[in-house]
Amino acid sequence: MTQTLLYSGKKAGVSASAVELSKVSVRYAEQNALQQVSLCISPGEFVFIVGPSGAGKSTLLKLLYRAEKATEGKVLVNGTDVGTMKPRETPLLRRHVGMIFQDFSLLPDRTVYENVAFALRVTGASRRETHRRVPLALEMVGMAHRPDAFPHQISGGEQQRVAIARALAAQPSLLLADEPTGNLDPDTSLGILELLHFINSQGATVLIATHDVAIVDRQERRVLEFQAGKLVRDEACGRYGNTSAAEEE
Amino acid sequence: MFSSAAFILHEAWLNMRRHFWMTLAALTTITVALTVLGASVWTAWRVHEVAAQEPQKFNTIDVFLHPAGTRQATLQTEAAIQKMPQVKQVRLVTKEQAWAMLTRREPSLTHALSVNPLMDRLEVQAKQSGQIAQISGMLRSKTLFPDVMQVNDANYEVRVLLGFAHVVRTIGIFLTLSLFAATLFIVFNTIRLTVYSRRREIRIMNLVGATPAFIRLPMVLEGLFHGLAGSLLASLLVIAGASQVSRFFQSLHSPLIGDAPASFTAATLTLLLMAVGALIGAVGSALAIHRYVRP
């Protein structure tokens, strides 16, 4: 019930594709972070992005929340071309795209409640709206019992749940997670993954960049594998390693 | 709209409380920098006032007439001096006027005296300070001015002192301008440091979709507060110090410092420092935060 309330009237499904990349390249000086990448992710999909360090996973996510710009090609998020978007429109894009990071990125001098409320207030949500949405988001991630705790008083897994609650409070249609389980033990990682899976079941598109073999293999969802900036595998129900190649052998 | 403004103000206040030591460091640095600047401006202005006023004082020659002479003789001498081409004006201070002034100033002294021992005095003002020696020489001539008993003019040492005051004034202006630039630099760097310490918070605000204005405003308000509070504290320090220094010079009865008019008041100094503080606080924080707030 709580989850339905949080996601009621959200913006998912406005466009035919949640994410669409067409021949996208990103170059840093002499290095190619992404090379001619084309892909399409439908609204409501759950996608793992895998590959070694420096393969271009984080660059792909950065393109989607406009922390990076494509050197060439077109990037569409919910039907909007983020490459031609004006800088002042970036904050509006980010209000529709939730982000979760390996380091949790919580403000250490604010409580759990304040961390989530802060993200809403700085985007212009009224105090009443904030008071309504923060408890719902905390309840959804299972942190409603510790609203007054500071980040250093809770575990890494709980901190990541708060970070997810912060992303959810803005009711994003697209949730991007960059190594969300990188600092967590296997059991806690599974808990976080189940939470992301649940959020996905409520309608949000979820993209997870990860090195975590266990969680990818356990879910068997769509896998995009990157090697040296190139998309080398796009498998509908994949595992961390290349299962189709193994089957052919 | 009101809710957002209230939130921004609340955030600015919370940030200053949460980053108490950083706020204190910024406030202290700004206070010290503006105190040095304020003291320099005050000193330079006082030196300017004294230097502008004193040449007039030392353009004047005091001519004392024989006590036995008549008032008629005094008036004739006054008319003769007035005719000299180098003289701008002559003012007569009779011995009765001088006695009345002395009575007002030192009543116990005049009370002890039965007769007025003072002389008629003529204050002769030269057209140019360079003609003082020439006029004095003529006034000392017994053949031209037989009723003159004594001539007092500005001596060489005083002229050297005035030249020194002019040099001090020029250096003061240069130092004040240099200090102003240094103050700007120090305050800007201090505010940059406070913004740098909060780059994580700024990054998070950027990521969750806060507009640049929403990120900047609380920090610009903080900068404004630092500047205003620092300037007020600096004004208090400079005014207290200036008052002590003025009292000290007055106690010395120094002919150079004592009675120069203080046109540069405490209110002027406070307003000047507040304007400088507010400007560099707000502009400094806006510039410092600029590099961290890029959409």
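Residues numbered from 1 in each chain as written. Chains lettered and ligands numbered in written order. Predicted model: local features only at pLDDT ≥ 70, side-chain atom pairs only at ≥ 80, totals over all residues.

A. Quick peek at the overall build of chain B. Counting secondary structure elements, chain B contains 10 helices and 4 strands. Walking chain B from its N terminus toward its C terminus, one meets helices and strands in the order α-α-β-α-β-α-α-β-α-β-α-α-α-α. When burial is assessed residue by residue, chain B has 30% of its 295 residues classed as buried. Within chain B, counting contacts between residues at least 6 apart in sequence, those at least 24 apart form 86% of the total. (Helix = DSSP H or I, 4+ residues; strand = E, 2+ residues; numbered from the N terminus. Buried ≥ 20, exposed ≤ 12 C-beta atoms within 10 Å, placed from the backbone. Contact = placed C-beta atoms within 7 Å.)

B. Structural view of the overall build of chain A. Helices and strands together make up the secondary structure of chain A, namely 9 helices and 10 strands. Out of the 249 residues in chain A, the part that is buried amounts to 45%. When contacts within chain A are restricted to residue pairs at least 6 apart in sequence, those whose partners lie at least 24 apart make up 70%.

C. The sheet that holds strand 10 (residues 230-235) of chain A, seen in detail. Residue and element names in this part refer to chain A. Overall, mixed pairing links the 6 strands, which are arranged 6-7-8-3-9-10 in an open sheet. The open sheet is flanked by strand 6 (97-101) and strand 10, the only strands paired with a single partner. Going across the sheet, the axis of each strand differs from the next one's by a mean of 15°, ignoring polarity. Where strand 9 (residues 222-227) meets strand 10, 5 bridges bridge the pair, whose relative direction is antiparallel. Paired with Val223 across the two strands is Glu235, which belongs to strand 10. (Pairing = 2+ DSSP bridges. Axes fitted to C-alpha atoms, helices over the stretch in contact; angles between N-to-C directions.)

D. Examining helix 6 (residues 156-169) of chain A more closely. Residues and elements named next belong to chain A. A rise of 1.5 Å per residue sets the reference length of helix 6, with its 14 residues, at 20 Å; its end C-alpha atoms lie 20 Å apart and thus fit the reference within 8%. With 12 of its 14 residues buried, helix 6 lies for the most part within the structure. Directly after helix 6, the chain includes Gln171, whose backbone phi takes a positive value near 55°. (Expected span 1.5 Å × (residues − 1).)

E. How the structure looks around the nonpolar core. Judged by nonpolar contacts, the single largest core of 115 residues is most densely connected at Ile49, Val116, Ala137, Ala165, Ala169 and Leu176 of chain A. Core analysis: the next-biggest nonpolar cluster, separate from the first, contains 11 residues, Ile61, Val124, Ile132 and Leu139 of chain B among them. (Core = buried A, V, L, I, M, F, W, Y, C linked by C-beta atoms within 7 Å.)

F. Structural detail: the sheet that holds strand 1 (residues 60-65) of chain B. All names here are of chain B. Ordered by their spatial adjacency, 4 strands build an open sheet running 2-3-1-4, and the pairing between neighbours is antiparallel. Looking at the sheet topology across the chains shown, the edges are occupied by strand 2 (87-93) and strand 4 (148-152). The mean angle between the axes of side-by-side strands here comes to 20°, regardless of whether they run parallel or antiparallel. Relative to strand 3 (residues 121-126), strand 2 runs antiparallel, the two sharing 6 bridges. Across the sheet, residue Val87 finds its bridge partner in strand 3, namely Ala126. The sheet contacts of helix 3 (residues 71-82) involve strand 1, strand 2, strand 3 and strand 4, and relative to strand 2 the element is tilted by about 165°. Each of strand 1, strand 2, strand 3 and strand 4 is contacted by helix 6 (residues 132-139), which is oriented at about 10° to strand 1, the strand it contacts most.

G. Geometry of the interface of chain A and chain B. At the interface, 19 residues of chain A touch 14 residues of chain B. With 4 residues, helix 3 (residues 90-94) of chain A is the single largest residue contributor to the side of chain A that touches chain B. Grouping the constituent residues of the side of chain A that touches chain B by class yields 8 nonpolar, 5 polar and 6 charged. (Nonpolar A, V, L, I, M, F, W, Y, C, P; charged D, E, K, R; others polar.)

H. Structural detail: helix 5 (residues 127-140) of chain A. Residues and elements named next belong to chain A. Over its 14 residues, helix 5 extends 20 Å from the first C-alpha to the last, a length consistent with the 20 Å expected when each residue adds 1.5 Å. If you check which residues of helix 5 are buried, you get Thr130, Arg133, Val134, Leu136, Ala137, Leu138 and Met140. Looking one or two residues beyond helix 5, the residue adopting positive phi is Gly142, at roughly 75°.

I. The arrangement of the environment of Thr84 of chain A in detail. Tracing the sequence through the fold places Thr84 of chain A in the loop between strand 5 (80-81) and helix 3. Residues Thr84 of chain A and Lys69 of chain A, spaced 15 residues apart in sequence, show a C-alpha to C-alpha distance of 9.5 Å.

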